[in-house]
Amino acid sequence: MSEAQTRQEIIDKRLKASGWNVKDPALVTSEHPILHQFGSLSKTGFCDYLLFARDGSPLAVVEAKRSTVDAEIGREQAKQYADGLEKMGHPRPFIFYTNGNNLFFWDDSRYPPRKIYGFYTQADLERVRFQNLERKPLSTTLIDTKIVGRPYQIEAIRRVLETLTQGHRKALLVMATGTGKTRVAIALIDVLMRCNWVKRILFLADRNELLKQARNAFKEHLPNATWARISSKEPLPEKRVYLSTYPTMHSLYPTISPGYFDMVVADESHRSIYNRYKEILDHFDAYQLGLTATPVEYIDRNTFQLFETPNEDPTFNYTLEEAVNNSPPYLVPFKVLSIQSRFQLEGIKAGQLPVQIQKKLIEEGKDLEDIDFEGTDLEKQVTNSGTNELIVREFMEQCIKDETGTRPGKSIIFAISHQHALRLEEHFNQLYPEYKGRLARVIDSHDPRAGTEGGLIDQFKDPKDPLKVAISVDMLDTGIDIPEVVNLVFAKPVFSRAKFWQMIGRGTRLCPNLFGQGENKAYFLIIDHWKNFAYFQMNPPGKEPSPTLSVPERLFGVRLDKATSALTVGDQLVLEKTISGIRADIASLPKGTVRVKEKTQELSVVAEETAWYGFGLHEIENLRKNILPLMRTRSAEDFDALRFDIDIIVTQTALLDRDDETLNRMKETIREKIDALPLTLNQIRAEEETIRKIKEERFWAALSEECLEEVRVRLRGLMKHRQKKINEMEKLNLEDIILVREWVEFGPEMERATVLEYRHKVEEKINSLLIGNEVLQKLKRGEPVDDYDISRLAELLRSEDPYVTEEVLQRVYDNKNAHFIDFIRYILGIQKLQSRSEVIAQAFDDFIAHHNDYSANQVEFLQIIKTFILNQGKVEKENLINRPFTNFHPQGIRGVFQLTQIDEILEFVSKIG
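Summary of the structure given here.

Conventions we followed
Residues numbered from 1 in each chain as written. Predicted model: local features only at pLDDT ≥ 70, side-chain atom pairs only at ≥ 80, totals over all residues. Heavy atoms only, no water. Helix = DSSP H or I, 4+ residues; strand = E, 2+ residues; numbered from the N terminus. Buried < 20%, exposed > 50% of the residue type's maximum accessible area, 1.4 Å probe, protein only. Contact = heavy atoms within 4.5 Å. Lys, Arg positive; Asp, Glu negative; His and termini not counted. Charge placed at Lys NZ, Arg CZ, Asp CG, Glu CD. Salt bridge = Lys/Arg side-chain N within 4 Å of Asp/Glu carboxyl O. Pairing = 2+ DSSP bridges. Axes fitted to C-alpha atoms, helices over the stretch in contact; angles between N-to-C directions. Patch = residues over 30% accessible without salt bridge, like charges linked within 9 Å, V, L, I, M, F, W, Y side chains within 5 Å. Areas by Shrake-Rupley, 256 points an atom, 1.4 Å probe, with all protein chains shown as cover. Expected span 1.5 Å × (residues − 1). Arc of directions from axis to C-beta. Phe/Tyr/Trp six-rings, centres within 6.5 Å; stacked < 30°, edge-to-face > 60°. Right-handed = clockwise from strand over helix to strand, strands pointing away. Core = buried A, V, L, I, M, F, W, Y, C linked by side-chain atoms within 4.5 Å.

**A short note on the overall build of the protein**
For the protein, the helix and strand inventory stands at 37 helices and 24 strands. In terms of principal-axis extent, the alpha carbons of the protein reach across some 105 × 95 × 45 Å. Per-residue burial over the protein gives 52% buried out of 913 residues. If you take every contact in the protein between residues at least 6 apart in sequence, the share linking residues at least 24 apart comes to 70%. Each charge class in the protein was averaged separately, 123 positive and 136 negative side chains, and the resulting centres sit 3 Å apart.

Structure below.
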């Protein structure tokens, strides 16, 4: 294809799709003369296209090359046109260069060239030009501490701002669930908006509930930023913040300009986002921020590549361990109670059951030979009411109770399936009818109103609502923010490490005064019925599901298989018909998607009639490699019809190959589908003769390509009406027993959990002694006590369990300055007692918030000083130029701060010490 043909047949159309009518000289001129060019005597060059702003000024140059050459050849020529326009007194224009197949955009005053998948619109380019002229430096702009105030949040924002200032356009934040990823993103957006770096933001999440939470956060923290929820193909309203689920945007993005958004925030950026929705991020030429709570070591390397960060080195990382171990903690730790029943561990095998139970099963009409299940078959092939009843009873006995001490605190039970969830809810209602069916409810996607305003999720979030236990399948696994959750029950096995940690994150949030004034949530409980923790200790990476081919991919694949067989046996007629089907599949590809645009050159080749002359095995392999993966983009299809197409084509291929085994298997498959068609429907009854014919043996005895094709054409559109067969699960009612019930100390909170238990015992002991102890009663009444009273009380507590001394109390309450009697007064609720760690941590938080123009490295250095003081007691000036501070910078504090800043920091830490 010549350059002129490339421009006329491809580039003109791509320009028009973005609003650039090449026949309107107010928008576009072709062969536009530009002065100050080299290579000609007249010093005049002719730009292939010049795009104009509304004020008539040149906005962008477009250099076109023929489709058969590399677009990169036009880069320098386009730059010289931009140079010439600048010398002619115009503002420097943007640069596009393309060969029709590949298109590149170059804002060369700020960034290197980058491949894009469509031209910017006039409004896009005008907005970017304004931002280039009016943008302010990010390094000197203060962060709004009303949105975020924690030091690690400020550091995270500074890391991203510094990354953008250095010319990068992507960043990845890895932050444990509950540490404020959304608020960090909002505070970052606030800075970028105030500095004129961005105007329009797209916020993506994988579920509606997460979008609702994001919407509320934007309304609270950026009330002046107008927002819209994208849910249809209507034109986008003029707003600042746009909220969309990944699936919705996946269907809409081909209709939106690549330059429409200035920034895309991708929430929960993990493996499935990369695999399924990467093309959304490829399409939009914007700053991109990935957010994820998945620990760094379990993030897929493709995710790091997507956001252009080194493997296991995101832009910023803040772990669960760091949040739990901070003083004061930002998240709460957890304890794990591992419980396995007999049937979970040993399975349900009739031969191993007691004789009386075997007789009971026979009386119920069960065939004992069919009762042979492994423990892993529970709720997949067999359900046993006794096992589910045991899960419910154990939960009610072991769970953390609410402030009344009688009902469970807010809890999530992760069930295997919707039916399993229903069975568990039924046992709650049977065993605890006094709650009138309001204690535990199934919350999953089967209820279309679960996530609506006032629905079950909103009821579960309400601390005062009687709904305490959410039994969920997938819907509450990730992203739900409910600080009151104190119990998680894994009534299902989990194999994805990333998802496992996201599920654990449902319980990590702080919740002050949860159990009464001053009684904060100190930890949460995980009851694990499926040895999930043991599994991940044995298999640290876990196991991700293998990607499966979509239905259109499978269809295209079996067409290629059939073409291969037709070539092998030399059946030219079948080959021609198969090629016709292959070409129809290719023609049905959605042209606006990124994946299809990436293969424009390959598709342009197969669009030519000559490409199919001499069609052979080499061409089939080329189609399998380059075109088959594109079939995944075919989403607006009748997949039931396509599946029937696959069945028929596989059968036709087996007929060519004389493969009797496959023919017999497909005969049963097709008959089963035919049997499921309800003849009560008029459109199906109209094909009754064809249906009857397929059921007869003589049809299969005289099988041919033509008769199978006729069946395919007649019945494919009816397959969506099939009555789907529900696989019956074996239902048993056998009493189950606990074989394993063990507490597991897990993670970084082991020592802290012991301290909490000790504190609880001390407080319980003192409150139990209050009624009969004269000294404690004096203290409670506010009367003075003397040294003798105090020594008597101390001696009593030393002799009681737990062993109590001033030294131990100072250690567990983290206050070396308080005395024995101060701790007693605190426990009795008549004196406040702030730990030394809390005092120091609050001072540093206030100092950092006041100096939030410090760089990310400076904020991190202050965090190191805080940790040093907490561990060593104080910090001296000479410490700051030695290890550990020289590990951060060879010159210690001198390499990170200016002299005036150092003096201010030294004055600050001297007051703390």
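**Observations concerning the pattern of salt bridges**
For the structure on display, the rule yields 63 salt bridges. As a salt-bridge pair, Asp 83 and Arg 92 come within 2.8 Å of each other at their nearest N and O atoms. Taking the relative accessible area as the measure of exposure, Arg 92 reaches 23% and is therefore partly exposed. One salt bridge connects Arg 92 with Asp 108, and the closest N-O pair in it is separated by 2.7 Å. Here Arg 92, found in the loop between α2 (75–87) and β4 (94–98), pairs with Asp 108, found in the loop between β5 (103–106) and β6 (114–116); they are 16 residues apart in sequence, far enough to count as distant.

**Quick notes on the sheet that holds strand β1 (residues 28–34)**
Reading across the sheet, the six strands line up as β1-β2-β3-β4-β5-β6 and stay open at both edges, with mixed pairing between neighbours. Each having just a single partner strand, β1 and β6 make up the two edges of the open sheet. Between one strand and the next, the sheet's axes are offset by a mean angle of 35°, whatever the strand orientation. Bridging between β5 and β6 involves three bridges; their strand directions are antiparallel. Within β6, the position partnered with Phe 104 by the bridge is Lys 115. Contacting β1, β2 (45–52), β3 (58–64), β4 and β5, helix α1 (residues 3–17) crosses the sheet at an angle of about 15° to β2. This element, helix α3 (residues 122–134), spans β2, β3, β4 and β5 of the sheet and lies at about 120° to β3.

**Notes on a nonpolar patch on the surface**
Taken together, the side chains of Leu 345, Ile 737 and Leu 739 define a hydrophobic patch exposed on the protein surface, amounting to about 240 Å² of accessible area. As for its position among the elements, Leu 739 is in strand β24 (residues 738–744).

**Looking at helix α24 (residues 660–675)**
The end-to-end C-alpha separation of α24 is 22 Å, in line with the 22 Å expected for 16 residues at 1.5 Å each. For α24, the set of buried residues is Thr 662, Leu 663, Met 666, Lys 667, Ile 670, Arg 671, Lys 673 and Ile 674. Angular distribution of buried residues about the axis of α24 spans 160°; they occupy a single face of the element. Relative to its buried face, α24 has exposed residues pointing more than 90 degrees away, namely Glu 661, Glu 672 and Asp 675. Its buried side turned inward, α24 meets α23 (639–657), α26 (688–695), α27 (697–701) and α28 (705–715).

**A closer look at the sheet that holds strand β12 (residues 287–292)**
Pairing in this open sheet of seven strands is parallel, and the strands run β9-β10-β8-β11-β12-β7-β13 from one edge to the other. Both edges of this open sheet fall to β9 (227–229) and β13 (316–318), since each of them pairs with a single strand only. The average undirected angle you get between the axes of adjacent strands in this sheet is 15°. Note that β9 and strand β10 (residues 241–245) share three bridges and pair parallel. Looking at β10, one finds that Trp 227 is bridged to Val 241.

**Some points on the packing of aromatic side chains**
The full count for this structure, using the stated rule, is 36 aromatic pairs. For the ring pair Phe 203 and Phe 218, a centre distance of 5.9 Å and an interplane angle of 85° mean the geometry is edge-to-face. Taken together, the residues span a long stretch of sequence, with Phe 203 in strand β8 (residues 201–205) and Phe 218 in helix α6 (residues 208–221) at a distance of 15 residues. By the burial criterion, Phe 203 is buried, and Phe 218 matches it. When the centroid spacing of 5.1 Å and the interplanar angle of 80° are considered together, the rings of Phe 261 and Phe 284 count as edge-to-face. Placement of the pair is Phe 261 in the loop between α7 (246–252) and β11 (263–266) and Phe 284 in the loop between α8 (271–283) and β12, with a sequence separation of 23 residues. Among the residues examined, Phe 261 registers a relative accessible area of 1% and is labelled buried.

**Description of the pairing of strand β19 (residues 440–443)**
Looking at chain direction, β19 and strand β20 (residues 469–472) are connected through four bridges and run parallel. Within β20, the position partnered with Ile 443 by the bridge is Ser 472. Tracing the backbone out of β19, into helix α15 (residues 456–461) and back to the parallel element β20 gives a crossover that is right-handed.

**Things to note about the nonpolar core**
Counting 103 residues, the largest nonpolar core has Leu 289, Ile 443 and Ile 865 as the members making the most contacts within it. The dominant element in this core, judged by the number of residues it contributes, is helix α5 (residues 181–194), at nine residues. With residues up to four places along the chain from it excluded, the contact list for Leu 289 reads Val 160, Ala 171, Leu 173, Ala 185, Leu 188, Met 263, Val 264, Val 265, Ala 266 and Phe 307. If you look at the next biggest cluster of nonpolar residues, it comprises 28 residues, including Tyr 253, Val 264, Ile 299 and Phe 307.

**Some words on helix α13 (residues 385–398)**
A rise of 1.5 Å per residue sets the reference length of α13, with its 14 residues, at 20 Å; its end C-alpha atoms lie 20 Å apart and thus fit the reference within 8%. Of all 14 residues in α13, ten are buried, a share of seventy percent or more. Of all the positions in α13, only Ser 385, Gly 386, Thr 387, Asn 388, Leu 390, Ile 391, Val 392, Glu 394, Phe 395 and Met 396 are classed as buried.

These figures capture arrangement, not role.
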